[in-house]
Amino acid sequence: MGYVIVEFPERREVFIGDDSQGYNRNENDEYRILIVGDGPHTFRLGGVLNYAPSSQTVVVANTTTINPLRVIFKKNV
Amino acid sequence: MFEMRTVSQSLGVVSVLAILLTACAYPVNTQLKKYDATTGYRLQNLSSDENSDDIFVILAFSGGGTRAAAFSFGVLEGLRDATYHVPSGTRRLLDDIDVISSVSGGSFTAAYYALFRDGIFTDFPSAFLHRNVQGDLIRLALWPPNWFRLASSDFDRVNLAAEYYDEKIFNGKTFGDLLREHQKPFIILNATDMTLGRRFEFTQDQFDLLCSDLSSVKVATSVAASSAFPGLLSPLTIRNFAAEGCDFKAPQWLKDALDRDKNPPRRYVHARDLWSYQDPDERRDYIHLLDGGLGDNIGLRGPYVALSSQDSNWSVLSKINRRQVHRVVVITANAKTKSHHEWDHEKAAPGLLDVLSFVASGPMDNYSFDTVELVRDFFTQLNQDAKGWADCKNLLQAQCPAAAMPGVLEPVDLHAAELSFDAIEDENLRRCMEDLPTSFYLPVATVTLLRQVARLLLMNSKEFRQVMVALDPAWQPQEVQIDPALRAKVCPG
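Just so it is clear, the model here is predicted, and its values are computed rather than measured.

Asks: Help me out: how do you make sense of the overall build of chain B in this one?
Replies: The helix and strand inventory of chain B stands at 19 helices and twelve strands. Computed over the C-alpha atoms, the radius of gyration of chain B is 25 Å, within 12% of the 23 Å expected from 2.2 N^0.38 for a compact globule of 493 residues. Split into buried and exposed, the 493 residues of chain B put 53% on the buried side. Taking contacts inside chain B between residues at least 6 apart in sequence as the whole, the part at least 24 apart equals 78%. In the form shown here, chain B has an accessible surface area of approximately 22,300 Å², with 54% of it arising from carbon and sulfur atoms. For chain B, the centre of its 49 positive side-chain charges and the centre of its 62 negative side-chain charges are spaced 2 Å apart.

Asks: Explain the sheet that holds strand β5 (residues 39–45) of chain A to me, please; I cannot follow it from the model alone.
Replies: Pairing between the strands of a sheet is mediated by backbone hydrogen bonds and can be parallel or antiparallel. All names here are of chain A. Overall, antiparallel pairing links the four strands, which are arranged β3-β2-β5-β7 in an open sheet. With one partner strand each, in any of the chains shown, β3 (19–23) and β7 (56–60) form the two edges of the open sheet. Direction aside, neighbouring strands of the sheet carry axes that sit 35° apart on average.

Asks: What am I meant to see in helix α17 (residues 444–460) of chain B here?
Replies: Quick reminder: α-helices carry 3.6 residues per turn. Residues three or four places apart thus point the same way. Along its 17 residues, α17 of chain B runs 24 Å from first to last C-alpha, staying within 8% of the 24 Å computed at 1.5 Å per residue. With 13 of 17 residues buried, α17 of chain B is to be regarded as a mostly interior element.

Asks: What is the right way to read the sheet that holds strand β4 (residues 34–36) of chain A from this model?
Replies: Residues and elements named next belong to chain A. Overall, mixed pairing links the three strands, which are arranged β4-β1-β8 in an open sheet. The open sheet has two edge strands, β4 and β8 (69–72), and neither has a second partner. Taken over all neighbouring pairs, the strand axes of this sheet differ in orientation by 40° on average, direction set aside. Sheet topology places strand β1 (residues 2–7) next to β4; three bridges connect them, and they run antiparallel. Considered in β4, the bridge of G2 is made with V36.

Asks: Quick question: what am I supposed to make of the pattern of salt bridges here?
Replies: Two side chains carrying opposite charge are able to pair once their charged atoms lie near each other. Here the structure, examined in full by the defined rule, presents 36 salt bridges over all chains. One salt bridge in this structure joins D19 of chain A and R322 of chain B, with 3.2 Å as the shortest N-O distance. Taken together, the residues span two chains, with D19 of chain A in strand β3 and R322 of chain B in the loop between α14 (316–321) and β11 (327–334). A cluster of three or more residues bridged by salt bridges with shared partners is formed by R11, E27 and R32 of chain A together with R323 and E410 of chain B.

Asks: Where do I start with helix α6 (residues 144–151) of chain B in this structure?
Replies: Residues and elements named next belong to chain B. Of all the positions in α6, only P145, N146 and R149 are classed as buried. The buried residues of α6 occupy one face: seen down the axis, they fall within an arc of 95°. In α6, the exposed positions that point more than 90 degrees away from the buried face belong to W147 and A151.

Asks: How do you make sense of the packing of aromatic side chains when you look at a structure like this?
Replies: Each pair of aromatic rings is reported with the distance of its centres and the angle of its planes. All names here are of chain B. On inspection of all chains with the given rule, the structure shows 27 aromatic pairs over all chains. An angle of 55° between the planes, with centres 5.5 Å apart, marks the rings of F73 and F124 as tilted. Here F124 lies in helix α4 (residues 120–129) and F73 lies in helix α2 (residues 65–81), a separation of 51 residues in the sequence. In this structure, F73 and F124 share a single accessibility class: buried.

Asks: Please clarify how the packing of α17 of chain B against helix α18 (residues 462–471) of chain B should be interpreted in this entry.
Replies: Residue and element names in this part refer to chain B. Between α17 and α18, whose axes approach to 5 Å, the crossing angle comes to 65°. Two secondary-structure elements touch here, α17 through L458, M459 and N460 and α18 through K462, F464 and R465. Counted by class, the contact of α17 with α18 contains three nonpolar, one polar and two charged residues.

Asks: I would appreciate a short explanation of a nonpolar patch on the surface in the present structure.
Replies: A cluster of nonpolar side chains, namely I138, L142 and W147 of chain B, defines an oily patch on the protein surface of about 360 Å² accessible area. Tracing the sequence through the fold places I138 of chain B in helix α5 (residues 133–142).

Asks: It is not clear to me how the nonpolar core should be interpreted in this structure. Could you clarify?
Replies: Among soluble globular proteins, nonpolar side chains are generally buried collectively. Core analysis: the biggest nonpolar cluster contains 151 residues, and Y165, F170, F202 and M433 of chain B have the highest contact counts within it. Ranked by residues supplied to this core, first place goes to α17 of chain B with ten residues. Every residue in contact with F170 of chain B, bar those within four places of it in the chain, is listed here: F108, A111, Y112, L115, F116, Y165, V219, A220 and V223 of chain B. In this structure, V14, L34, L45 and V71 of chain A belong to the second largest nonpolar core, which totals 14 residues.

Asks: I tried to follow the interface of chain B and chain A on my own but got confused; where do I start?
Replies: When the parts of a complex come together, some accessible area is lost, and that lost area is often used as the size of the interface. With 32 residues of chain B at the contact, the number on the chain A side is 31 residues. For the pairing of chain B and chain A, the buried interface totals around 2,500 Å² over both sides, and the portion due to carbon and sulfur atoms is 57%. Contact with chain A buries area across many residues of chain B, yet N321, P406 and V408 of chain B alone supply 25% of it, more than any other trio. Across the contact surface, chain B and chain A share three salt bridges. Along the contact surface separating chain B from chain A lie 19 residue pairs in polar contact (both at pLDDT 80 or more).

Thresholds, definitions, all that
Residues numbered from 1 in each chain as written. Chains lettered and ligands numbered in written order. Predicted model: local features only at pLDDT ≥ 70, side-chain atom pairs only at ≥ 80, totals over all residues. Heavy atoms only, no water. Helix = DSSP H or I, 4+ residues; strand = E, 2+ residues; numbered from the N terminus. Rg over C-alpha atoms; globule rule 2.2 N^0.38 Å. Buried < 20%, exposed > 50% of the residue type's maximum accessible area, 1.4 Å probe, protein only. Contact = heavy atoms within 4.5 Å. Areas by Shrake-Rupley, 256 points an atom, 1.4 Å probe, with all protein chains shown as cover. Lys, Arg positive; Asp, Glu negative; His and termini not counted. Charge placed at Lys NZ, Arg CZ, Asp CG, Glu CD. Pairing = 2+ DSSP bridges. Axes fitted to C-alpha atoms, helices over the stretch in contact; angles between N-to-C directions. Expected span 1.5 Å × (residues − 1). Salt bridge = Lys/Arg side-chain N within 4 Å of Asp/Glu carboxyl O. Arc of directions from axis to C-beta. Phe/Tyr/Trp six-rings, centres within 6.5 Å; stacked < 30°, edge-to-face > 60°. Nonpolar A, V, L, I, M, F, W, Y, C, P; charged D, E, K, R; others polar. Patch = residues over 30% accessible without salt bridge, like charges linked within 9 Å, V, L, I, M, F, W, Y side chains within 5 Å. Core = buried A, V, L, I, M, F, W, Y, C linked by side-chain atoms within 4.5 Å. Buried area = accessible area lost by both parts, 1.4 Å probe. Polar contact = N/O pair within 3.5 Å; in protein donor to acceptor, adjacent residues only side chain to side chain.

Okay, here's the thing in structure tokens:
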């Protein structure tokens, strides 16, 4: 079991595969720590496709709540 | 001449009868024309109108013949009576059940409840628990016209049992009927795939891999497969239509999990086994299913995957991440027995029957224990991680108020209760329950005592009490009494 933060400048819905994981940020605009099973997972964001990469497969392993894996999406300019 | 003609006519009648009867064999499952991840018997397609979204309740019913069916039925009776107050009135914990995963004897109770809801409390004892199912099945197998049917290659003892269950217990209902009921709980009836030695569940998610439509499958057939104990019943054979295709699209998690080098071994093996149904190199045209107890005798393995990963169509982790679920409750009704042997007092080695009995149940009991511990350990780990995060946050705020934690971890309330005869305090009653046979016939008094014991164990369970108090701080456990006369009758001495 692992812990992941999905970084993006806006509050966006996060998908692992086809399954929504809720939003990357809470109502106070703080990053939410998502609980994710260990191993490779394919992440993407919901909403407008104004980010890159469009999806990314990352391996979740050796994470903690204090040191979660950061999955970073950049906003297209 | 007359006698010759009579014999000849009789043979003719028998031949026609045999042909007709063997022709009665029906296909267990049909082909799915086109894969659609949004339709079929899946949790997401069942309503949550009456079911609380906030709390996610999973029940697991073990195998153990009528003993397990009666024990799990007693747990349902206890949950029916476990009411708590909410602003709109009173709720039963029974109505909060989201998923029941079951094996063998427990599958009768799970399926009956899913099909007939509260009707189970009036009808199930006469429909199944008080019935001599074992005797009926033997009589059916010995009835001469069935010999011809049993001689057919596509009709075996398990099909005969399925027909009997269909007529006497499940009223011809199919998974399509369950889907049309459109109500939780979602039931997962588990059998064991003989080739893989792993659990095979009767859900559309599993049947998608076979390009088969679960809606047409009789509930009775799945229960027969789930309880097809080797030797007593033959394996159930179902068709795998994957080679004929249905435009199946593997879910992304399955593709990700098939990378052997990057995955934890348990995740990879789970994915590899599932993919074997679709893999053209494997050519698994027929799948042979045996008692679910051979792969997982408490039905917890499927829920464990959903609890601990995103690798399930009803991932509880995803629901927690979506904030759909804030409290998770897992209640396992484990009707395992414990043999009380004299081996250790004797020099002579145990006999063949003792050895076979041990081989049939010993390893599976250990595996079941490990599965319960897996769920408990997972909850413990989540709680410890959450505590670590909260402690760190408090320390950071005290020492360095300007600093911020990397993210926010939202709390989840987790409870796992295992109900088993181990927890009976009275030694004589415990030994009596642990000595009950695994059979599809038990006397009515034994069934009634098992129901009472299940309710007693539920009400006395520390974890169950914690759940109820968390839901309703004013909740008080009911006092459950074991009828002394009943006990004296079933457990003399």
